[in-house]
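Structure at a glance
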Amino acid sequence: MAAGYLDILRARHAARLLTGTLVGRLPNGTASIAIVLFVRAGGGSYSIAGALAAVYGLATAVGQPLLGRAVDLYGQPRVQLPAAVVSALGMAVLAVAGTGSLALAYAAVAVAGLFTPPLEGGLRALWPSVLGGEDRVHRAYAMDAVAQEIMFTAGPLLVTLLVALWSPATALLVINAIGVLGALSVVLSEPSRAWRSAPREAHWLGALRSPGLLALLGSFFFVGLALGSITVAAMAYADDQGRESVYGWLMAALGLGALLGGVVYGARQWAGAPERRLRVIVALLAVGYLPLVLTPGPVAMTVLAAVSGVFLAPAVACSFIVVDRHAPRGTVTEAFSWLVTTFGVGAAVGTAVAGPAVELGGTAWSFAVAGAGGVAALLVLLATGNVLGAPPRTAVAVRGSENDRNGAVEPGFSSGHQA
C-alpha cells in the first residue's frame, strides 16, 4: 500500500509540489479559527467573529474560480504568487488594525478571501505532466485528498500553538507568511513555470458550460452541506454529553476515517468508468451518515463518526478524476476551483441549516441534515447519470506539446483539457 504512495513522492518535483501546495493553503485552511480567536482576544463578540469568518469564506468562494480562470489564461506564476501576497496583506491589515473599524476589518478579510490563490486546482492541473501514467495520477489524487485531512487537522493545532506562545495577531501574520512561502515554492518549480493550459474556446461560462461538470458540482454541494452540518451537530452532541472534549473526539474520528479511506482507495487500481464508481462511493457515504441520527453514547458515537468519514476522501479523490474528464478544453484549473467553491458553499449552508435544526428538533435532527445531504448528493448523481455517463471527448497530450513539455503523459491519457 505504502509503496504506491512512495512511488508518487519519489517522482521528480512531486514532493515539493504537494508540500508547497499544502503549506500555501494553510492560511485558507485555518482562517476561520484564526479570525475567531483574534476577534475574541480583542474583546469582540462571537457575532462579529462569525460575520468576519463568513465574509472571508464567501469572498474565497467568489475568488477561486475567477483566479482559476486567470491561471488557465496567464499561467500559474503570474497569478498564484501575486494573489498569495495580496491575500496575506489583507490578513496583515486585520492583524495590525484590529476590529476598531469594522468597515476596514470586513474589507481586509474580503480582500484576503478574494485573493486566496487557487493552489489546490493548480496542483491537480500539474499532476499529469509530473507523473505521466493515468494510474499514478489517480493515486496522486487520492494522496492529495488524504493530505488535505492531515492539513485540516494539523493547521488548527498550529494556530492554537502560535496563539499560546505569542498572540492571535502573531498567529495571523505567521500563518499567512508561511502561506506565501508555500506558494513561492510551487511557482518557482519547473512544472509550474512550464505549465500552459490548452487553447480554450472563448465562452463567458468557462468551465461551467460542461453539463457533466455541473452535475458533479450539484452533487458535491450536498456533500459539502453534509460535512458542514456535522461540525455543528457534533458540537450540539458534545453539549448534550456535558463534555467539550467529545467534540474533539468526534471530529478527530471523522478525519481519521477519511484518512484511512483515502489511503486504502489510492492504494489500488480501479477498473471501470469513474462516474459509475463515484455513484457507488457517494451511496456508501450517504449510508455512513444516516446512523449518526441514533446519537448513542460517546464511544459508539465516535465509532460511527469514524465510519461516516471512511468514504469522504475516496469520494473527493474520485471527483477529481471526473472533473479532469469533463472540464472543457483549457479550463482545468478553473474547473477544479469550482469544485472547491461549490463544496465550501455547501459546507457553509450545512452549518447554517444545522443550527436551526438543533433548536427545532434537537441534536438528532442536526445529524439528520447530514444524512439528507448525503442522500441528496446521491440523487443528483443518479438523476444526471446520462450526462455524466456521456463519454467526454478527451484531448490527447502529445510529446512536446505545451501541456506535456517533458513528454510525460502517455498517449491517450487526458491531461485535464477536454474539447
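The shown structure was predicted, so the numbers you read here are calculated from the model rather than taken from an experiment.

The rules behind these values
- Residues numbered from 1 in each chain as written.
- Predicted model: local features only at pLDDT ≥ 70, side-chain atom pairs only at ≥ 80, totals over all residues.
- Heavy atoms only, no water.
- Core = buried A, V, L, I, M, F, W, Y, C linked by side-chain atoms within 4.5 Å.
- Buried < 20%, exposed > 50% of the residue type's maximum accessible area, 1.4 Å probe, protein only.
- Helix = DSSP H or I, 4+ residues; strand = E, 2+ residues; numbered from the N terminus.
- Contact = heavy atoms within 4.5 Å.
- Axes fitted to C-alpha atoms, helices over the stretch in contact; angles between N-to-C directions.
- Parallel < 35°, antiparallel > 145°, perpendicular 65-115°, else oblique.
- Left-handed = near helix turned anticlockwise from the far one by under 90°.
- Nonpolar A, V, L, I, M, F, W, Y, C, P; charged D, E, K, R; others polar.
- Phe/Tyr/Trp six-rings, centres within 6.5 Å; stacked < 30°, edge-to-face > 60°.
- pLDDT = per-residue confidence, 0-100.
- Expected span 1.5 Å × (residues − 1).
- Salt bridge = Lys/Arg side-chain N within 4 Å of Asp/Glu carboxyl O.

With that settled, the discussion passes to the nonpolar core. Judged by nonpolar contacts, the single largest core of 99 residues is most densely connected at Leu-94, Trp-127 and Leu-131. When residues in this core are grouped by element, the largest group, 13 residues, is from helix 11 (residues 211-241). Excluding anything up to four places from it in sequence, Leu-131 contacts Ile-8, Ala-11, Ala-14, Arg-136, Val-137 and Ala-140. Counting residues in hydrophobic clusters, the runner-up holds five residues, among them Ala-84, Leu-119, Val-180 and Ala-183.

A separate point is the packing of helix 11 against helix 16 (residues 332-361). Interhelical geometry of helix 11 versus helix 16 gives an angle of 40° and a closest axis separation of 6 Å. Taken together, the axes of helix 11 and helix 16 are oblique relative to one another. The hand of the helix 11/helix 16 crossing is right-handed. Its residues assigned to classes, the contact of helix 11 with helix 16 shows 19 nonpolar, nine polar and no charged.

At a minimum axis distance of 12 Å, the contact between helix 11 and helix 13 (residues 274-289) shows a crossing angle of 25°. One finds that helix 11 runs roughly parallel with respect to helix 13. When the axes of helix 11 and helix 13 are compared, the crossing they make is left-handed. Note on element contacts: helix 13 touches helix 11 through Leu-278, Leu-285 and Tyr-289, opposite Leu-216, Phe-220, Val-223, Ala-226, Leu-227 and Ile-230.

For the rest of this paragraph, the subject is the packing of aromatic side chains. With the rule as written, the count across this model stands at five aromatic pairs. With a centroid separation of 5.3 Å and 20° between ring planes, the pair formed by Tyr-265 and Trp-270 is classed as stacked. Residue classification places Trp-270 among the partly exposed residues on the basis of a relative accessible area of 37%. Seen in terms of ring centroids, Phe-320 and Phe-336 are 6.2 Å apart; in terms of plane orientation they differ by 80°. Their pairing is edge-to-face. Within this pair, whereas Phe-320 is found in helix 15 (residues 312-326), its partner Phe-336 is found in helix 16, the two being separated by 16 residues in sequence.

Looking now at the confidence of the model for the protein chain. Residue-level pLDDT values for the protein chain average 84, and 90% of them are 70 or greater. Between residues 394-419, whose pLDDT stays under 50, and residues either more than four places distant or in other chains, the model counts 69 contacts.

Once that is clear, we can look at helix 7 (residues 119-131). Over its 13 residues, helix 7 runs 18 Å from end to end, which matches the ideal 18 Å to within 8%, given 1.5 Å per residue. For helix 7, the tally of buried residues reaches 13 of 13 residues, placing the bulk of the element in the interior. Remark: Gly-132 follows helix 7 within two positions and exhibits a positive phi of approximately 85°.

What follows concerns the pattern of salt bridges. A full pass over the atoms with the stated rule returns seven salt bridges. A salt bridge links Arg-25 to Glu-120, with the shortest nitrogen-to-oxygen separation between them at 3.2 Å. Taken as a pair, Arg-25 in the loop between helix 2 (14-24) and helix 3 (26-41) and Glu-120 in helix 7 lie far apart in primary sequence, 95 residues in all. With a relative accessible area of 6%, Arg-25 lands in the buried category. Judged by relative accessible area, Glu-120 falls into the buried class, the value being 11%. For Glu-120, the salt bridge goes to Arg-124, with nearest N and O atoms at 2.7 Å.

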